[in-house]
Amino acid sequence: MPILVRTAEREDVPALVRLRLANAQRHVQLDPAIYRVPDVEAVRRHFEEVLAAEPKVLILVAEVVGMVEVVLLADPPDHQILAPRRAAEIHTVVLDGHRGEGVGAALLMAAEKAAAERGVLIICASIFAPNKGAVRSTPRLASGRVEPC
């Protein structure tokens, strides 16, 4: 069965909050010295603001059992040697019980397409090394554009 991935809407805020908190709880189990469970209201406000604003962050959802945030990054400052290229960082979440079903891969493919439509040439995914499941399961897309950063 194909996985439906779509742009998040304001009505998705409660599900996005649940996803963020579930992801936080999972990461706190990995290392409570590094991760925390954020305040529910702060998370709700964040998603409401992001979905209401001019998009610097694009949020895609997969049947509201997973999401990916595509965060557009600023160009390097003029004093750095890097040539300006549109870049984005992605953050994915798939709820327990739905991993291994292709949700994450569908989200990454949709994120790559949405980012390319916005002129993004570089996509990276920051993954904390002890999160071995995420490191192991992060697929390399055909374009090779999603890489750990």
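Up top you'll find the structure we're talking about.
Keep in mind that what you see is a predicted model, and the values were worked out from it rather than measured.

J.: Quick question: what am I supposed to make of the side chain of His 27 here?
T.: Tracing the backbone shows His 27 in helix 1 (residues 13-30). Setting aside its immediate chain neighbours within four residues, His 27 contacts Tyr 35 and Asn 131.

J.: Could you clarify how one ought to interpret the nonpolar core in this entry?
T.: Most often, soluble globular proteins keep nonpolar side chains buried together rather than apart. If you look at the biggest cluster of nonpolar residues, it comprises 19 residues, and the most contacted ones within it are Val 70 and Ile 90. Those elements that provide at least two residues to this core are strand 2 (57-62), strand 3 (66-73), strand 4 (87-94), helix 3 (103-117) and strand 5 (122-125). In terms of residues, this core owes the most to one element, helix 3, which gives six residues. If you look at the next biggest cluster of nonpolar residues, it comprises 14 residues, including Ala 8, Val 13, Val 50 and Val 61.

J.: So what exactly am I meant to see when it comes to helix 3 here?
T.: With 15 residues, helix 3 extends 21 Å between its outermost C-alpha atoms, agreeing within 8% with the 21 Å of an ideal straight helix rising 1.5 Å per residue. Burial in helix 3 covers these residues: Val 103, Ala 106, Leu 107, Leu 108, Ala 111, Glu 112, Ala 114 and Ala 115. In this structure, the buried residues of helix 3 make contact with strand 1 (5-7), strand 2, strand 3, strand 4 and strand 5. Phi turns positive one or two residues past the end of helix 3, at Gly 119, with a value near 80°.

J.: Would you explain the pairing of strand 2 in this entry?
T.: Working note: regular strand, side chains alternate between the two faces of the sheet. For strand 2, the buried fraction is high: six of the six residues fall into the buried class. Burial along strand 2 is two-sided: Val 57, Ile 59 and Val 61 and Leu 58, Leu 60 and Ala 62, pointing in opposite directions, are all buried. As defined by bridge partners, strand 1 adjoins strand 2 across three bridges and the pair is classed as antiparallel. If you follow Val 5 over to strand 2, its bridge partner there is Ala 62. In terms of strand pairing, strand 2 meets strand 3 through six bridges, oriented antiparallel. By the bridge assignment for strand 3, Ala 62 is matched with Gly 66. Hairpin geometry of strand 2 and strand 3 is characterised by an intervening segment of three residues between the two adjacent antiparallel strands and by a positive phi of about 45° at Glu 63.

J.: In this structure, what is going on with the pattern of salt bridges? I would like to understand it.
T.: Side-chain pairs of opposite charge can arise whenever the charged atoms involved come near each other. Scanning the model with the defined rule gives seven salt bridges in all. Across the salt bridge formed by Asp 12 and Arg 6, the nearest N and O atoms sit 2.7 Å from each other. Exposure remark for Asp 12: the relative accessible area of 7% places this residue in the buried category. With a relative accessible area of 28%, Arg 6 lands in the partly exposed category. Across the pair Lys 113 and Glu 117 runs a salt bridge, and its minimum N-O distance is 3.4 Å. A residue pair is termed a helical-turn pair when its members lie 3 or 4 positions apart in one helix, as Lys 113 and Glu 117 do in helix 3 at four residues. Salt bridges sharing partners connect three or more residues here, namely Arg 26, Asp 96 and Arg 99.

J.: Is there a simple way to explain the pairing of strand 5 in this structure?
T.: For strand 4 and strand 5, the ladder comprises four bridges, and the chain directions are parallel. The partner of Ile 90 across the bridge, within strand 5, is Ala 125. The parallel pair strand 4 and strand 5, bridged by helix 3, forms a crossover whose chirality is right-handed.

J.: Would you mind showing me how to read the packing of helix 1 against helix 2 (residues 40-52) here?
T.: Geometry of a packed helix pair, given as the angle between the helix axes and the separation of the axes. One can describe the packing of helix 1 onto helix 2 by two numbers: an axis separation of 9 Å at closest approach and a directional angle of 130°. Considering their axes alone, helix 1 and helix 2 lie oblique with respect to each other. The handedness of the crossing between helix 1 and helix 2 is right-handed. The residues of helix 2 that touch helix 1, namely those facing Val 13, Leu 16, Val 17, Arg 20 and Leu 21, are Val 40, Val 43, Arg 44, His 46, Phe 47, Glu 48 and Leu 51. Residues of the contact of helix 1 with helix 2, tallied by class, amount to eight nonpolar, one polar and three charged.

Criteria and thresholds
- Residues numbered from 1 in each chain as written.
- Predicted model: local features only at pLDDT ≥ 70, side-chain atom pairs only at ≥ 80, totals over all residues.
- Heavy atoms only, no water.
- Helix = DSSP H or I, 4+ residues; strand = E, 2+ residues; numbered from the N terminus.
- Contact = heavy atoms within 4.5 Å.
- Core = buried A, V, L, I, M, F, W, Y, C linked by side-chain atoms within 4.5 Å.
- Buried < 20%, exposed > 50% of the residue type's maximum accessible area, 1.4 Å probe, protein only.
- Expected span 1.5 Å × (residues − 1).
- Pairing = 2+ DSSP bridges.
- Salt bridge = Lys/Arg side-chain N within 4 Å of Asp/Glu carboxyl O.
- Right-handed = clockwise from strand over helix to strand, strands pointing away.
- Axes fitted to C-alpha atoms, helices over the stretch in contact; angles between N-to-C directions.
- Parallel < 35°, antiparallel > 145°, perpendicular 65-115°, else oblique.
- Left-handed = near helix turned anticlockwise from the far one by under 90°.
- Nonpolar A, V, L, I, M, F, W, Y, C, P; charged D, E, K, R; others polar.

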